[in-house]
Amino acid sequence: MKRQLFVLAIVACLPLCTSANADEKETTTPPAWEKENPLKPLPKPPLGIDSTFESLPKPPTPETVRLGRWLYYDTRLSADGTVSCATCHVPEHAFSERTPVSTGIHGQKGARKAPSFLNQAWTIYPHFFWDGRAGSLEEQALGPVANPIEMGNTVEKMIDSLNEIKPYAAYFKEAFGTPEINKERVAKAIADYERTRMSGNSAFDKWQENRFEDGYKESEQDAIIKKGFELFNGKAECNQCHLGQNFTDSLFHNLGIGWNEAEKKLADIGRYEVSKKEEDKGAFKTPSLRDVTKHPPYMHDGSIKTLKEVVEHYNKGGNANPHLSTKIKKLNLTDEEVDLLVKFMEALDGEGYMDTAPKAFPK
Ligand code: HEC
Ligand code: HEC
């Protein structure tokens, strides 16, 4: 009975619906770029990420995320149409990169590595960039566009270019209610796309989830994760800074990276530039350890090649310098323990964030 009514309702609506559609749109086949980037429900946070989009003050919507996905991969946001966000924040490298530092427009090299932004919809403190100079993903998103060695554009020219690509207006309307293209909207859309890039369901997350269940049988890998996690939180004290679901306190610490012992000088003063506090010289934001295997070399300057060498850096007590964090000291880890920490970090490789650039863009 119910079903019959439903069918009737559709039949009754058909002539009305199609005529209304015909008024709005001339063609019924959507443009190729929509097929490449359809509206999709927001992804669900994977196992291990105990946060929800609803908890955010202005949650993403399928419409802002679709628009942001185009903008994120669109090289037309750069001055000469060659560089997009994905040039440096590469999906298969957990939205970081496999080079020590970034290369931007005209092949210019920066001084820092592009960090991963997985799971950054939720942070303990709102600090973005290695020195925390941006207070939100929105504030951060326009920085690279106008950075002369990243995308080399100006925000005004980028908005002009987007206005010239006529079909974009419809997607700004879809996302924000009116077709106006402005920098706040560009930033919000890109930031919302970034917020949907989440990683979880790693071997570590599965172990955390299952280990208290009745009849749970520990696998060989679980045993390694368990011992590794104990070491990480115990003797090695990595959790002083790498903590919470994203393994970062989002605060700044000096490990002595970039310290030149011969010249008694830091190559990059880091957080000090923002805070002007003496103790912040050479301090950088603690990076997440999720999917860390995907983007060697490591640290803000890409100066450490492998995870094993990273652990050895901690084991020897970092690089002594006048501002070394008081949390960093010699650890006396055995070779076996060093390897165990590396294996533990390997178990943080997760899933859920992968994406590829859409094959077509509004044009
Ligand atoms: C030329 C390479 C390059 C391009 C292009 C680029 N970035 Fe970055 N990105 C970097 C580097 C390098 C950093 C770190 C800079 C710093 O900390 O001073 C960074 C930092 C970030 C961060 C901070 C992450 C964190 O954990 O603090 C986010 C988010 C980000 N970029 C997003 C974007 C977006 C969005 C775009 C496109 C609009 C973009 N990037 C374009 C190289 C790039
Ligand atoms: C005092 C805080 C602190 C402690 C303790 C600490 N880390 Fe870090 N970790 C950081 C900071 C800050 C960075 C980035 C430093 C930089 O680039 O100058 C970092 C970087 C890393 C990186 C490189 C990640 C990347 O994306 O480049 C790895 C891996 C890492 N830490 C693992 C560990 C392990 C394992 C331990 C325990 C042995 C540990 N950390 C202890 C603060 C800390």
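Fair warning: this is a prediction, and the values are worked out from it, not measured in the lab. (Residues numbered from 1 in each chain as written. Chains lettered and ligands numbered in written order. Predicted model: local features only at pLDDT ≥ 70, side-chain atom pairs only at ≥ 80, totals over all residues.)

Within the chain, the secondary structure is distributed over 14 helices and four strands. Considering only C-alpha atoms, the chain reaches an extent of 80 × 60 × 30 Å along its principal axes. Here the chain, with 363 residues, has 38% of them falling under the buried criterion. For the chain, the proportion of contacts with a sequence separation of at least 24, taken over those separated by at least 6, is 69%. (Helix = DSSP H or I, 4+ residues; strand = E, 2+ residues; numbered from the N terminus. Buried ≥ 20, exposed ≤ 12 C-beta atoms within 10 Å, placed from the backbone. Contact = placed C-beta atoms within 7 Å.)

What follows covers the site of ligand 1. Taken together, 27 residues surround ligand 1, and among them C85, C88, G104, W130 and P144 come closest. Elements with a minimum of two residues in the shell around ligand 1: α4 (85-88), α5 (137-141), α6 (143-146) and α9 (183-195). (Near = placed C-beta within 6 Å.)

What follows covers the nonpolar core. In terms of nonpolar packing, the biggest core is built from 28 residues, with L67, L71, A189 and I190 touching the most fellow members. Of all the secondary-structure elements, those providing two or more residues to this core are α3 (62-73), α5, α7 (155-164), α8 (168-176) and α9. For I190, the contacting residues outside a window of four places in its chain are G68, L71, Y72 and A141. F232, V292, V338 and L348 belong to the second-largest nonpolar core, a separate cluster that totals 19 residues. (Core = buried A, V, L, I, M, F, W, Y, C linked by C-beta atoms within 7 Å.)

Turning our eyes to something else, we now look at the site of ligand 2. Taken together, 25 residues form the shell around ligand 2, and within it C238, C241, I257, Y298 and H300 come nearest. For the shell around ligand 2, the element with the highest residue contribution is helix α13 (residues 307-315), accounting for four residues. For the shell around ligand 2, the residue count by class is 17 nonpolar, six polar and two charged. (Nonpolar A, V, L, I, M, F, W, Y, C, P; charged D, E, K, R; others polar.)

Domain boundaries in the chain define domain 1 (34-195) and domain 2 (203-346). One C-alpha centre belongs to domain 1, the other to domain 2, and the line joining them spans 27 Å. Of the residues lining the interface, 27 residues belong to domain 1; the matching set on domain 2 comes to 30 residues. Its residues assigned to classes, the side of domain 1 that touches domain 2 comprises eleven nonpolar, nine polar and seven charged. (Domains from an automatic or database assignment.)

Over its 13 residues, α9 runs 18 Å from end to end, which matches the ideal 18 Å to within 8%, given 1.5 Å per residue. Of all 13 residues making up α9, eleven are buried, and the element is well covered by its neighbours. R185, V186, A187, K188, A189, I190, A191, D192, Y193, E194 and R195 are the residues of α9 that are buried. Looking at the buried positions of α9, the neighbouring elements they touch are α3, α5 and α8. (Expected span 1.5 Å × (residues − 1).)

Counting through the fold element by element, P60 comes out in the loop between α2 (32-36) and α3. It is 8.6 Å that separates the C-alpha atoms of P60 and A191, two residues lying 131 residues apart in sequence. Not counting the four nearest positions on each side in its chain, P60 is found in contact with L42, F53, V65, D192, R195 and T196.

Before going further, it helps to spend a moment on the packing of helix α10 (residues 203-210) against helix α11 (residues 220-233). At a minimum axis distance of 10 Å, the contact between α10 and α11 shows a crossing angle of 90 degrees. Of the possible angle classes, the one that applies to α10 and α11 is roughly perpendicular. Where α10 abuts α11, its residues A203, F204 and W207 lie against Q221, D222 and I225. Partitioning the contact of α10 with α11 into residue classes produces four nonpolar, one polar and one charged. (Axes fitted to C-alpha atoms, helices over the stretch in contact; angles between N-to-C directions. Parallel < 35°, antiparallel > 145°, perpendicular 65-115°, else oblique.)

Cis peptide bonds are those with omega within 30 degrees of zero, and the linkage from P296 to P297 qualifies with -5 degrees. Structurally, P297 can be placed in the loop between β4 (284-285) and α13. The backbone phi angle of F129 is positive, close to 80 degrees, even though this residue is not glycine. In the Ramachandran plot, D291 falls in the positive-phi region, its phi being about 55 degrees despite a non-glycine side chain. If you trace the backbone, D291 turns up in the loop between β4 and α13.

Turning to the environment of P59, a few remarks are in order. Positionally, P59 belongs in the loop between α2 and α3. Sequence separation of P59 and K330 is 271 residues, and the distance between their C-alpha atoms is 43 Å.

Residues that lie three or four places apart on an α-helix share one face, since the helix turns once every 3.6 residues. Across its twelve residues, α3 extends 17 Å between first and last C-alpha, which sits within 8% of the 16 Å expected from 1.5 Å per residue. Most of α3 sits inside the fold, with ten of its twelve residues counted as buried. In the core, the buried residues of α3 are packed alongside α4, α8 and α9.

Summarising the model, the chain shows a mean pLDDT of 93, and 93% of its residues fall at 70 or more. Here residues 1-25 is a poorly scored stretch, pLDDT under 50, and it has zero contacts once near neighbours within four places are set aside; other chains count. (pLDDT = per-residue confidence, 0-100.)

In this section: the packing of α11 against helix α14 (residues 335-346). Where α11 contacts α14, the axes come no closer than 8 Å and their chain directions differ by 110 degrees. In terms of their interaxial angle, α11 and α14 are classed as roughly perpendicular. Residues I224, I225, K227, G228, F229, L231 and F232 of α11 lie in contact with α14, whose contacting residues are E337, L340, L341, K343 and F344.

The next thing to look at is the environment of W70. With respect to the secondary-structure elements, W70 resides in helix α3. Here the alpha-carbon distance between W70 and W33, two residues 37 residues apart in the chain, equals 9.2 Å. Apart from residues no more than four positions distant in its own chain, W70 is found in contact with N37, P358, F361 and P362.

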